[in-house]
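# Reading the structure
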Amino acid sequence: MLTITTERLLIREYKESDFEELKMLLSDSETIRFWPQPFDDDQVHSWLERSIRNYRDLGYGRWAVFLKANRKFVGDCGFMRYKIIDRFENDLGYIIHHPYWHQGYGYEAAKACLEYGFGPLKFDSVCANMAHDHLASQKVAEKLGMKREAQFMNPRNRNLLTYVYRISRNEASGKEGN
């Protein structure tokens, strides 16, 4: 089972037994306010099952994020492969439960996943997409060295204006001090 560690976080593959913690995250209306709606049990099960299936089929997916100090579940981070605008992408996503916002966990988790994507996974580029008004997510992407390259009306998210940020392997390897 893959585990990525950072200074403060443990990032690991989901297990079926993570359902309740993932449900707490994905069904929380404040945490998920930039999504179409909080997730119901079936949607949480689908998220969990898709992540576990992707580990087998793709070698990566979305992962559970825990605090190292006390093993408290604080979020979700990792990659999904799906079509954005007109091509399939390695899309980096990060969701931190709202009681843990403004502590740098989203950036720390996303940075570790991005390094894993360009390292062992050998991605050539990674994108992140977020609602146009999700300023915290945009700041994380920018701090990672990503540049906004496109926008579109997102049919997966109420046709909201959505920004696409991207960074290439070459740009990431040349970025100092991130």
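Remember, it's a predicted structure, so these values are computed and weren't measured experimentally.

### A short note on the pattern of salt bridges
- Following the criterion strictly, the structure yields 11 salt bridges and no others.
- Close ionic contact of Arg-8 with Glu-108 constitutes a salt bridge, the shortest N to O distance being 2.6 Å. Taken together, the residues span a long stretch of sequence, with Arg-8 in the loop between strand E1 (3-5) and strand E2 (9-13) and Glu-108 in helix H3 (residues 105-118) at a distance of 100 residues.
- Judged by its relative accessible area of 30%, Arg-8 is partly exposed.
- Arg-33 is the partner of Glu-30 in a salt bridge, and the nearest nitrogen-oxygen pair spans 3.5 Å.
- For Glu-30, a relative accessible area of 32% gives the class partly exposed.
- Where salt bridges share partners, they join Arg-87, Glu-89, Glu-149 and Arg-166 into one cluster.

### Some thoughts on the environment of Asn-90
- Residue position: Asn-90 is located in strand E5 (residues 87-96).
- When its relative accessible area of 10% is taken as the criterion, Asn-90 is described as buried.
- Remark: the alpha-carbon pair of Asn-90 and Cys-127, spanning 37 residues in sequence, is separated by 6.2 Å.
- Residues contacting Asn-90, with those up to four places away along its chain left out, are Tyr-60, Met-80, Arg-81, Phe-123, Ser-125, Val-126 and Cys-127.
- A polar side-chain atom of Asn-90 sits 2.9 Å from a polar atom in the side chain of Arg-81.
- In this structure the side chain of Asn-90 is engaged in a polar contact, spanning 3.4 Å, whose partner is the backbone oxygen of Ser-125.

### Focus: H3
- The end-to-end C-alpha distance of H3, which contains 14 residues, comes to 20 Å, matching closely the 20 Å that a straight helix rising 1.5 Å per residue would cover.
- Across the 14 residues that make up H3, a large majority, 12, are buried.
- When we look at burial in H3, the residues that qualify are Tyr-105, Gly-106, Tyr-107, Glu-108, Ala-109, Ala-110, Ala-112, Cys-113, Leu-114, Tyr-116, Gly-117 and Phe-118.

### What about the packing of helix H1 (residues 19-26) against helix H2 (residues 41-57)?
- Contact pair H1 / H2: the axes reach a minimum separation of 10 Å and the direction vectors enclose 115°. By crossing handedness, the relation of H1 to H2 is classed as right-handed. Residues Phe-19, Leu-22, Lys-23 and Leu-26 of H1 lie in contact with H2, whose contacting residues are Asp-41, Val-44, His-45, Trp-47 and Leu-48.

Cut-offs and rules
Residues numbered from 1 in each chain as written. Predicted model: local features only at pLDDT ≥ 70, side-chain atom pairs only at ≥ 80, totals over all residues. Heavy atoms only, no water. Salt bridge = Lys/Arg side-chain N within 4 Å of Asp/Glu carboxyl O. Helix = DSSP H or I, 4+ residues; strand = E, 2+ residues; numbered from the N terminus. Buried < 20%, exposed > 50% of the residue type's maximum accessible area, 1.4 Å probe, protein only. Contact = heavy atoms within 4.5 Å. Polar contact = N/O pair within 3.5 Å; in protein donor to acceptor, adjacent residues only side chain to side chain. Expected span 1.5 Å × (residues − 1). Axes fitted to C-alpha atoms, helices over the stretch in contact; angles between N-to-C directions. Left-handed = near helix turned anticlockwise from the far one by under 90°.

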